[in-house]
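One-letter residues, chain by chain:
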Amino acid sequence: AQSVTQLDSHVSVSEGTPVLLRCNYSSSYSPSLFWYVQHPNKGLQLLLKYTSAATLVKGINGFEAEFKKSETSFHLTKPSAHMSDAAEYFCVVSEAPNTGKLIFGQGTTLQVKP
Amino acid sequence: DTGVSQDPRHKITKRGQNVTFRCDPISEHNRLYWYRQTLGQGPEFLTYFQNEAQLEKSRLLSDRFSAERPKGSFSTLEIQRTEQGDSAMYLCASSLAGTGANEQFFGPGTRLTVL
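All values reported here derive from a predicted model rather than from experimental measurement.

Thresholds applied
Residues numbered from 1 in each chain as written. Chains lettered and ligands numbered in written order. Predicted model: local features only at pLDDT ≥ 70, side-chain atom pairs only at ≥ 80, totals over all residues. Heavy atoms only, no water. Helix = DSSP H or I, 4+ residues; strand = E, 2+ residues; numbered from the N terminus. Buried < 20%, exposed > 50% of the residue type's maximum accessible area, 1.4 Å probe, protein only. Contact = heavy atoms within 4.5 Å. Areas by Shrake-Rupley, 256 points an atom, 1.4 Å probe, with all protein chains shown as cover. Lys, Arg positive; Asp, Glu negative; His and termini not counted. Charge placed at Lys NZ, Arg CZ, Asp CG, Glu CD. Pairing = 2+ DSSP bridges. Axes fitted to C-alpha atoms, helices over the stretch in contact; angles between N-to-C directions. Phe/Tyr/Trp six-rings, centres within 6.5 Å; stacked < 30°, edge-to-face > 60°.

**Student:** Please give an account of the overall build of chain A that cites residues and values.
**Tutor:** The number of helices and strands found in chain A is zero helices and twelve strands. Beginning at the N terminus, the succession of helices and strands in chain A can be written as β-β-β-β-β-β-β-β-β-β-β-β. Overall, the C-alpha framework of chain A stretches about 45 × 30 × 20 Å when taken along its three principal axes. Burial status across chain A gives 45% buried among its 114 residues. Once local pairs closer than 6 in sequence are excluded, the contacts in chain A between residues at least 24 apart make up 55%. Of the roughly 5,400 Å² that chain A leaves accessible, carbon and sulfur atoms contribute 51%. Averaging the positions of the 9 positive and the 8 negative side-chain charges in chain A gives two centres separated by 3 Å.

In structure tokens form, the structure reads like this:
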């Protein structure tokens, strides 16, 4: 069965410093992986997706993620945090190609300090 | 606005009452998903439709829950005899099957509070 583990429930950074949100996945086939962001009182927004093309995936708002099959990881990074990045981030794996059912991690709360 | 919409945004009800939520997907999307998100957790899959056919239901979806998508467009999720444990955010998403990674677009959710 597919699953994701987000290694940090809470990450705090200072504005202008790098962001690293860690995610490991488990999948019995070549997975599709996503990062979604959820701002308070707003819907889930797709940041980026990996679909077995380039292993380094660029998303919106300066975020990137690198798919590492040997480490079963899909960590999310951003070179310089902005106050508006404060939100809940979810690492997500698609259960199977045919259904597209998504399996979410527990989430990582990103706090950005001035 | 051509995104996924959900109605109502908030619902407060008393235990034992029935509630119904509506989801309108992006118009050209043929798949529609329901998820439930409790406080501090990631969303959990409940069920999904391809066109009007309900193809999968989670074990989370007890007999008190029923979902429909009668014409392959909007969907409703009904909870009968609500319990306090049903309090959660109910999220709807839609996608177009066969398009790469099956990117899902989410609505704003319906927050249910059962008193």
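Okay, back to it.
**Student:** Help me get a handle on the sheet that holds strand β7 (residues 65-68) of chain B, residues and values and all.
**Tutor:** All names here are of chain B. Pairing is antiparallel in the open sheet, where four strands are placed in the order β1-β3-β8-β7. Edge positions in the sheet fall to β1 (5-7) and β7, since each of these pairs with one other strand and no more. Averaged over all neighbouring strand pairs, the angle between strand axes comes to 15°, with direction disregarded. Relative to strand β3 (residues 19-24), β1 runs antiparallel, the two sharing three bridges. Within β3, the position partnered with D7 by the bridge is R22.

**Student:** Outline the packing of aromatic side chains, listing residues and values.
**Tutor:** Scanning all chains against the criterion turns up 16 aromatic pairs over all chains. Considering the side-chain rings of Y50 of chain A and F67 of chain A, the 4.1 Å spacing of their centres and the 15° angle between planes classify their relative orientation as stacked. Linking Y50 of chain A in strand β6 (residues 44-50) with F67 of chain A in strand β8 (residues 64-68), this pair joins segments that are 17 residues apart in sequence. Each member of the pair, Y50 of chain A together with F67 of chain A, is buried. Plain terms: the ring middles of Y35 of chain B and F45 of chain B are 6.0 Å apart, the flat faces sit at 75° to each other, and that makes the pair edge-to-face. Within this pair, whereas Y35 of chain B is found in strand β4 (residues 31-37), its partner F45 of chain B is found in strand β5 (residues 44-50), the two being separated by ten residues in sequence. Looking at Y35 of chain B, the relative accessible area reads 0%, which means it is buried. The exposure class of F45 of chain B is buried, given its relative accessible area of 5%.

Purely geometric numbers; function is a separate question.
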